[in-house]
Amino acid sequence: MTPTIDYPGVFAALPSPCLVLGTDLVIAAANPAFCEVTGRSQTELVGQYLFDAFPDNPAAPEADGVETLKDSLHRVLSTGQTDHMALQKYDIPVPGNPEVFKERWWTAINVPVLGPDGKVAWIIHRSEDMTDVVRAHRTAHLPSVSPGREAAMEAELYARARELQRLNEELRQAHARERRVAVALQEAMLHSPDLSRHPNIAVRYLPATGSLNVCGDWYDAVDLPADRFTVTVGDVVGHGLMAATIMGRLRSALSAATRTVHGPAQALEVLGLYARSVEGALAATAVQVLVDCHSHLLIYSSAGHPPPVLLHPDGSCELLDQATDPPLGARPDHVPRPQATTTYTPGDTLVLYTDGLIERRDEDIDAGLTRLTATLATCTAFGAEHLADALLARLGLASGADDDIAIVVVRLERTTRPY
């Protein structure tokens, strides 16, 4: 008879620091080794969004621990494959004094746990504190670490480096040219310099599963004078390089129009005229919202796109669906597009998305909208980054879907853009 394995006991006994993360990157469990190395208790960790519990060190402007770890976790969610992380510096807050950080160096492995549907249900984050090894190489001695422990850490570091070398070589050999083109297109076409000035805006881009990391969905943010800015999402029919090429042309055209005309409706009018000259763009959709931070106004227009959602702190949701028009190239003759205005209150959250977030086969779109607003109602206290991750996780899309997905989450504060 096969003995029953006490998996919680095995997890607790693991000598390496380990976390179990949900697909929304909230800590579900931490083993004693992790609690010991971070100086935190289970009570302090479980239920916390990982990057709220362990933010970047504000005293180190060059710190990229959060960005690097977040990229790794998102790779696990999108590919369903284990991701090995190289040695990196990631300082952690001092227990009881969160404004003070202590230097830490880590290596880590992020391992997916698949659910019955074959999608990622959990992530096991296993880390090793390599701080003593790094300091030893600096000072050429290790007074606080036993020789056996030093040898074990050195061996672990060497094994991780060799594993990373092997994986990188495999990646270089597998579809090298296609992936280079795909990644270059993605970075060039989705680059939005103005986003860096908006820490309260989060974006997510998930190509359809099985694609080359590019798709026809897109997002953008454009700063305008007088404390205003626009956020936009759009969708080109199809996947792959052709859809991405059309997407890039439309996105650039709308970005230029937004800076030269008055309001979202006129910008989409210009884009619609241009779309009729671009093969494959006739059925493309887009929605743009202009945020006036001074007047607390949202001015919007939609070209055949699902309505943005305005989430209020009490959990109620308002669909921005009063200025909806056909897709960009649907009309043979020029007709002015509609535009609507609504007010917001600081603390509200604006969510724009593409149809991959809500549409399901054999299901009415209203059912998808109801599911979206019901999910958002459970996320009222979240910041933009946490909400974006939680939304994908709770809709079962953190590992991707059959269709492309783009999301923009804007936490609307009294002054949304810093000056």
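The structure reproduced in this document is the subject of the present report. (Residues numbered from 1 in each chain as written. Predicted model: local features only at pLDDT ≥ 70, side-chain atom pairs only at ≥ 80, totals over all residues. Heavy atoms only, no water.)

A separate point is the layout of surface pockets. Counted as a void, the second largest pocket has a volume near 280 Å³. Lining the second largest pocket are Lys119, Gly356, Glu359, Arg360, Arg361, Leu397, Ala401, Asp402 and Asp403. Looking at the lining of the second largest pocket residue by residue, the classes come out as two nonpolar, one polar and six charged. (1 Å grid on protein atoms, 1.4 Å probe; cavity = no way out; pocket = protein on both sides within 12 Å on 5 of 7 lines; lining within 4 Å. Points joined across faces, edges and corners; volume = space filled by probe spheres on them. Nonpolar A, V, L, I, M, F, W, Y, C, P; charged D, E, K, R; others polar.)

Below, the discussion takes up the sheet that holds strand S17 (residues 349-353). A sheet is described by the order of its strands in space; here five strands give the open sequence S8-S18-S17-S13-S14, paired in antiparallel fashion. Of all strands in the sheet, those with a lone pairing partner are strand S8 (201-206) and strand S14 (317-319), marking the two edges. Shown here is a sheet whose adjacent strand axes are inclined to one another by a mean of 15°, direction ignored. Along the sheet face, helix H12 (residues 384-394) touches S8, strand S13 (309-311), S17 and strand S18 (405-411) and points at about 30° away from the line of S8. (Pairing = 2+ DSSP bridges. Helix = DSSP H or I, 4+ residues; strand = E, 2+ residues; numbered from the N terminus. Axes fitted to C-alpha atoms, helices over the stretch in contact; angles between N-to-C directions. Contact = heavy atoms within 4.5 Å.)

Considering all chains together, one arrives at two aromatic pairs under this definition. Between Phe34 and Phe54, the aromatic rings sit 5.9 Å apart at their centres with planes inclined by 80°, giving edge-to-face as the arrangement. In this pair, Phe34 sits in helix H2 (residues 32-38) while Phe54 sits in the loop between helix H4 (50-53) and helix H5 (65-79), placing the two residues 20 residues apart along the sequence. Residue class for Phe34 comes out buried when judged on its relative accessible area of 5%. Given a relative accessible area of 4%, Phe54 falls into the buried group. (Phe/Tyr/Trp six-rings, centres within 6.5 Å; stacked < 30°, edge-to-face > 60°. Buried < 20%, exposed > 50% of the residue type's maximum accessible area, 1.4 Å probe, protein only.)

Mapped onto the secondary structure, Thr232 falls in strand S10 (residues 228-239). Looking at Thr232, the relative accessible area reads 2%, which means it is buried. Looking at Thr232, its side chain comes within polar contact range of the side chain of Gln288, at 3.1 Å. If near-sequence neighbours (up to four positions away) are discounted, Thr232 is found in contact with Trp218, Tyr219, Asp220, Leu254, Val287, Gln288, Leu352 and Val408. (Polar contact = N/O pair within 3.5 Å; in protein donor to acceptor, adjacent residues only side chain to side chain.)

On the secondary structure map, Thr349 appears in strand S17. Along the primary structure Thr349 and Ala384 are separated by 35 residues, whereas in three dimensions their C-alpha atoms are 8.0 Å apart. Among residues more than four places away in sequence, those in contact with Thr349 are Val309, Leu310, Leu311, Leu387, Val409, Val410 and Arg411.

Turning our attention to H5. The terminal C-alpha atoms of H5, which comprises 15 residues, lie 21 Å apart, in line with the 21 Å expected from a rise of 1.5 Å per residue. Taken together, the buried positions of H5 are Gly65, Val66, Leu69, Lys70, Ser72, Leu73, Val76 and Leu77. Looking down the long axis of H5, one finds its buried residues gathered within 160° of arc, a one-sided arrangement. Buried-residue contacts for H5 involve strand S1 (18-22), H4, strand S3 (83-89), strand S6 (105-114), strand S7 (120-129) and H12. Phi for Gly80, located one or two positions after H5, is positive at around 70°. (Expected span 1.5 Å × (residues − 1). Arc of directions from axis to C-beta.)

Let us now look at empty space enclosed by the protein. In this structure the tally under the stated criterion is three cavities of 30 Å³ or more. A volume near 180 Å³ is recorded for the largest cavity. Together, 15 residues line the largest cavity, and Phe34, Leu69, Tyr90, Trp106 and His125 are the ones closest to its centre. For the lining of the largest cavity, the elements supplying multiple residues, two or more each, are H2, S3, S6 and S7.

We now examine the packing of helix H9 (residues 240-258) against helix H10 (residues 264-275). For the pair H9 and H10, the least separation of the axes is 9 Å and the interaxial angle reads 145°. Both H9 and H10 take part in a crossing whose hand is right-handed. Mapping the contact onto sequence places Arg249, Leu250, Ala253, Leu254, Ala257 and Thr258 in H9 and Ala267, Leu268, Val270, Leu271, Tyr274 and Ala275 in H10. By residue class, the composition of the contact of H9 with H10 is ten nonpolar, one polar and one charged. (Left-handed = near helix turned anticlockwise from the far one by under 90°.)

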